[in-house]
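Understanding the architecture of this molecule
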Amino acid sequence: MNSSSISLPVLSTHITADGDNANISHEQARILIHYYTLTASGIGFIPFPLFDQVSISALLGKMIHDLGRIYDVPTPEYRTKAIISAILGGAHTQWITYYLIGVATLLLPGVGFLGSLAVRPLLSGAITHTMGHIFMRQFANGKTLETFDTVAAAQDFNRGFEEGKIFMRKQFSSMNTQN
C-alpha cells in the first residue's frame, strides 16, 4: 500500500451542529474518530517504548483539532494538550495498567513481544476512540476548550474506555474473519 492510497476524510466545510446539519456533523465526526482510532491502533504495533505514547498524543491533538473544525470550535494547541493531559491523568486507573503491561511485555523476550502486539494496539485504539467521542459530545453540546468540563470528561473516559476496548476487539475480530 503506498502513501497516496491513505487519506484523511475530507473536512472541507465547516458545518454547524444545528438542525439537519447536526446529523451531518455527527457523521463526519464519527468517520473522523474511526479513522484516527484505526491509525492509533496501527501505531500501537510499532514496538518502541514511548514512541507510541508520543505519537498517540500528537494524533489526539490532531483529531481534536479536526473535530473542532467540524463543530466550529477553536482548538489552540496549548489548551488542547492541557485538556488531554487532564483527562488521561484523571482517568489513569482505566488505561495505565494496560499501558504498563504493554511496555513490560516488550522487555520479555519472544513471548513478551507477541503479548505487546495484542495489548498496545488495543490500548492505543481504545484511548483514541474514547477521547474522540468525549470531544465530539462536548463540542456538539456547545462546549469550547475554555468551557470544557475536564472532570466530567475524565468520568466519561472511565465509562467509555470499556466501550473503546470492545470497539477495538470487534475491529480485530473482523480483520481475523476477513483473512
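Just so we're clear, the structure is a prediction, and the values are computed from it rather than from any experiment. (Residues numbered from 1 in each chain as written. Predicted model: local features only at pLDDT ≥ 70, side-chain atom pairs only at ≥ 80, totals over all residues. Heavy atoms only, no water.)

Considering the overall build of the chain
Helix and strand counts for the chain stand at six helices and zero strands. Counting helices and strands in the order they occur from the N terminus, the chain gives α-α-α-α-α-α. Evaluated residue by residue, the chain yields a buried proportion of 42% over its 179 residues. For the chain, contacts bridging at least 24 residues in sequence account for 75% of all contacts bridging at least 6. (Helix = DSSP H or I, 4+ residues; strand = E, 2+ residues; numbered from the N terminus. Buried < 20%, exposed > 50% of the residue type's maximum accessible area, 1.4 Å probe, protein only. Contact = heavy atoms within 4.5 Å.)

As for the pattern of salt bridges
Enumeration according to the criterion identifies seven salt bridges in this entry. Close ionic contact of Arg-30 with Glu-27 constitutes a salt bridge, the shortest N to O distance being 3.7 Å. Taken together, the residues Arg-30 and Glu-27, both in helix α1 (residues 21-44) and three residues apart, mark about one turn of the helix. Classification of Arg-30 by relative accessible area gives partly exposed; the value is 42%. Its relative accessible area of 42% is what places Glu-27 among the partly exposed residues. (Salt bridge = Lys/Arg side-chain N within 4 Å of Asp/Glu carboxyl O.)

Section: the environment of Asn-141
With respect to the helices and strands, the residue Asn-141 is situated in the loop between α5 (111-140) and α6 (150-178). With relative accessibility at 65%, the residue Asn-141 sits in the exposed group.

Focus on the packing of aromatic side chains
Where two aromatic rings form a pair, the distance of their centres and the angle of their planes describe that pair. Applying the stated rule across the entire model yields four aromatic pairs. When the ring of Tyr-35 is compared with that of Tyr-36, the centres are 5.3 Å apart and the planes differ by 80 degrees; the resulting orientation is edge-to-face. Residue Tyr-35 is classed as partly exposed on the basis of its relative accessible area of 22%. Ring centres 4.5 Å apart and planes at 25 degrees place the aromatic pair Phe-135 and Phe-148 in the stacked group. Here the residue Phe-135 occupies a position in helix α5, and Phe-148 occupies one in the loop between α5 and α6, the gap between them amounting to 13 residues. Through pairs of rings, three or more aromatic residues link up here, namely Phe-135, Phe-139 and Phe-148. (Phe/Tyr/Trp six-rings, centres within 6.5 Å; stacked < 30°, edge-to-face > 60°.)

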